[in-house]
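# Tertiary structure, described
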Amino acid sequence: MKPIPSSEITPEHIYRSRRKFLKALGFTAAGTVLAACGIDTDFPEANQAETNEGDLRTDELGRALTDYTSVIGYNNYYEFDLGKTAVAPLARDFPVSPWTIEVSGLVNNPRTFAMEDIYQLFEEEERIYRMRCVEGWSMVIPWLGFPLSKLLEMVEPTVDAKYVYFETAVDEETMPVIKRGLFQFPYTEGLRLDEAMHDLTILSTGLYGERLMPQNGAPIRLVVPWKYGFKSIKSIVKIKLVDRQPYTFWNNYAPQEYGFYSNVNPDVPHPRWSQATEVIIGHGPKRVPTLMFNGYEEEVASMYAGMDLTKFF
Ligand SMILES: Nc1nc2c(c(=O)[nH]1)N[C@H]1C(S)=C(S)[C@@H](COP(=O)(O)O)O[C@H]1N2
Ligand SMILES: [Mo]
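It should be emphasised that the depicted structure is a prediction, and the values quoted were computed from it without experimental measurement.

A separate point is the overall build of the protein. Counting its secondary structure elements, the protein contains 8 helices and 12 strands. Looking at the protein as a whole, 55% of its 313 residues are labelled buried. In the protein, once contacts between residues fewer than 6 apart in sequence are set aside, the share between residues at least 24 apart is 72%. In the form shown here, the protein has an accessible surface area of approximately 13600 Å², with 54% of it arising from carbon and sulfur atoms.

This brings us to the packing of aromatic side chains. Inspection of every chain in the model, using the stated rule, returns 26 aromatic pairs. Ring centres of tyrosine 78 and tryptophan 250 lie 5.3 Å apart, and the angle between their planes is 80 degrees; on these two criteria the pair is classed as edge-to-face. Here the residue tyrosine 78 occupies a position in the loop between α2 (68-71) and α3 (87-90), and tryptophan 250 occupies one in helix α7 (residues 249-253), the gap between them amounting to 172 residues. Per residue, the accessibility class of tyrosine 78 equals that of tryptophan 250, and both read buried. Seen from their ring centres, phenylalanine 183 and phenylalanine 249 are 5.6 Å apart, and the 40 degrees between their planes marks the pair as tilted. Highlighted residues: phenylalanine 183 in the loop between β5 (163-168) and β6 (188-192) and phenylalanine 249 in helix α7, separated in sequence by 66 residues. An aromatic cluster is present here, built from Tyr78, Phe183, Phe185, Tyr187, Phe230, Phe249, Trp250, Tyr253 and Tyr258 joined pairwise through their rings.

Attention shifts here to the sheet that holds β5. Pairing is mixed across the open sheet formed by 5 strands, whose spatial order is β2-β1-β10-β5-β6. Each of the sheet's edge strands pairs with one partner strand only, and the pair in question is β2 (111-114) and β6. Averaged over all pairs of adjacent strands, the angle between strand axes in this sheet comes to 15 degrees, irrespective of strand direction. Looking at chain direction, strand β1 (residues 100-105) and strand β10 (residues 236-242) are connected through 4 bridges and run parallel. Looking at β10, one finds that glycine 105 is bridged to leucine 241. Most of the contacts of helix α5 (residues 148-155) go to β2, to which it runs at about 135 degrees, and overall it touches β1, β2, β5 and β10.

In the region of ligand 1, 16 residues are neighbours, and Asn75, Tyr78, Glu79, Ser232 and Lys234 sit closest. Note that an oxygen atom of ligand 1 is positioned 3.0 Å from one of the side-chain N or O atoms of arginine 221. Starting from 540 Å² of accessible surface for ligand 1 in isolation, the protein chains cover 99%. Among the residues making up the shell around ligand 1, the classes are represented as 7 nonpolar, 6 polar and 3 charged.

Before going further, it helps to examine unusual backbone geometry. Note that the residue after serine 97, namely proline 98, is joined by a cis bond; omega there is 0 degrees. Along the chain, proline 98 falls in the loop between α3 and β1. Despite not being glycine, glutamate 156 has its phi angle at roughly 55 degrees, a positive value. Here glutamate 156 lies in the loop between α5 and β5. Although it is not a glycine, serine 235 adopts a positive phi angle of roughly 45 degrees. Residue placement: serine 235 occurs in the loop between β9 (221-223) and β10. The class of serine 235 is buried, set by a relative accessible area of 0%.

A complete count under the given rule lists 16 salt bridges for this structure. The partner of arginine 57 in a salt bridge is aspartate 55, with the nearest N and O atoms 2.8 Å apart. On the basis of relative accessibility, which here comes to 31%, the residue arginine 57 falls in the partly exposed class. We note a salt bridge from lysine 231 to glutamate 189, for which the minimum N-O separation is 2.6 Å. Residue lysine 231 is located in the loop between β9 and β10, and its partner glutamate 189 is located in strand β6; the two are separated by 42 residues in the primary sequence.

With that settled, the discussion passes to the environment of valine 224. By the secondary structure assignment, valine 224 is in the loop between β9 and β10. Looking at valine 224, the relative accessible area reads 1%, which means it is buried. Taking C-alpha positions, valine 224 is 5.0 Å from threonine 201, a pair spaced 23 residues apart along the chain. Contact partners of valine 224, with chain neighbours within four places excluded, come to Leu191, Thr201 and Ser232.

Where α5 is concerned, the buried positions are Leu148, Ser149, Leu151, Leu152 and Val155. Take α5 and look down its axis: the buried residues cluster within an arc of 160 degrees, on one side only. Following α5 by one or two positions, glutamate 156 adopts a phi angle in the positive range, close to 55 degrees.

So, about the side chain of asparagine 263. Tracing the backbone shows asparagine 263 in the loop between α7 and β11 (277-280). Those residues in contact with asparagine 263 that sit more than four places away from it in its chain are Glu195, Trp226, Lys227, Tyr228, Phe293, Tyr304 and Phe313.

Cut-offs and rules
- Residues numbered from 1 in each chain as written.
- Chains lettered and ligands numbered in written order.
- Predicted model: local features only at pLDDT ≥ 70, side-chain atom pairs only at ≥ 80, totals over all residues.
- Heavy atoms only, no water.
- Helix = DSSP H or I, 4+ residues; strand = E, 2+ residues; numbered from the N terminus.
- Buried < 20%, exposed > 50% of the residue type's maximum accessible area, 1.4 Å probe, protein only.
- Contact = heavy atoms within 4.5 Å.
- Areas by Shrake-Rupley, 256 points an atom, 1.4 Å probe, with all protein chains shown as cover.
- Phe/Tyr/Trp six-rings, centres within 6.5 Å; stacked < 30°, edge-to-face > 60°.
- Pairing = 2+ DSSP bridges.
- Axes fitted to C-alpha atoms, helices over the stretch in contact; angles between N-to-C directions.
- Near = heavy atom within 4 Å.
- Polar contact = N/O pair within 3.5 Å; in protein donor to acceptor, adjacent residues only side chain to side chain.
- Nonpolar A, V, L, I, M, F, W, Y, C, P; charged D, E, K, R; others polar.
- Salt bridge = Lys/Arg side-chain N within 4 Å of Asp/Glu carboxyl O.
- Arc of directions from axis to C-beta.

Structure (structure tokens):
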């Protein structure tokens, strides 16, 4: 089945009629199996008038927060479901306590942190970030968390450490997609060490002043706001310092479509759709221009000096 290009994100009523049309042709939701490309606007809050439920804060560009209902109801979490709205109900029983994160590899002080240690050791702060999904939509989310650098400093990377590898939990009991064998789980991600040490890179333990819900990656997930959303790996159980660029889930699945770096870049289209614009969930159906490095260019561009930003990487 030919995937629906993101340029066709449409207002709800048109979307519904298209869905009816596709159904009539015998296409089903299974078409979305083609990975991180199906844009599911079939969510009541998505693409509707601005509604941030009375919280009038904005990000530094003046963008209103995406409403809480959308943030916890419209999710990408392939271990649970390939659509957006089924994730939250399916993830309800995902066991998030007790929880430990093993930090190992090229470090002087390898350590396994219990979540209780994490809450004690690292002061949580709020960060309002834009999150841009590679599929062509974004949200504005008030995260709670702390810089990943604080945790890395504690374990002391050795001089040989060049990259950081992350791994999501695998729980066959509650994650229905694991057993289907469509993908190679665990979900994994990676950053270059300087990216991991950057102050914008956080480990998040909450949002909107509450602890994370399972669908958002409870109890702890990465948030890297200048990269496409899939880099922000959820429900982390392992962090490993390594000397080579690590294996990562989407890059391994489709290397021509999802680069290791995957910095948000409006000038480099995905092979199957443009990245020039996006829909901000909760801000109405109008597409807005996507910003270089998702609007964090000033803070992060120097890390990529010498790399050709017109190329896919
Ligand atoms: N383990 C895991 N982490 C993941 C994903 C996933 O499928 N599995 N999806 C990614 C994608 S594509 C996006 S856009 C964000 C979505 O985060 P949110 O649901 O909290 O908005 O999580 C990322 N982290
Ligand atoms: Mo995404």
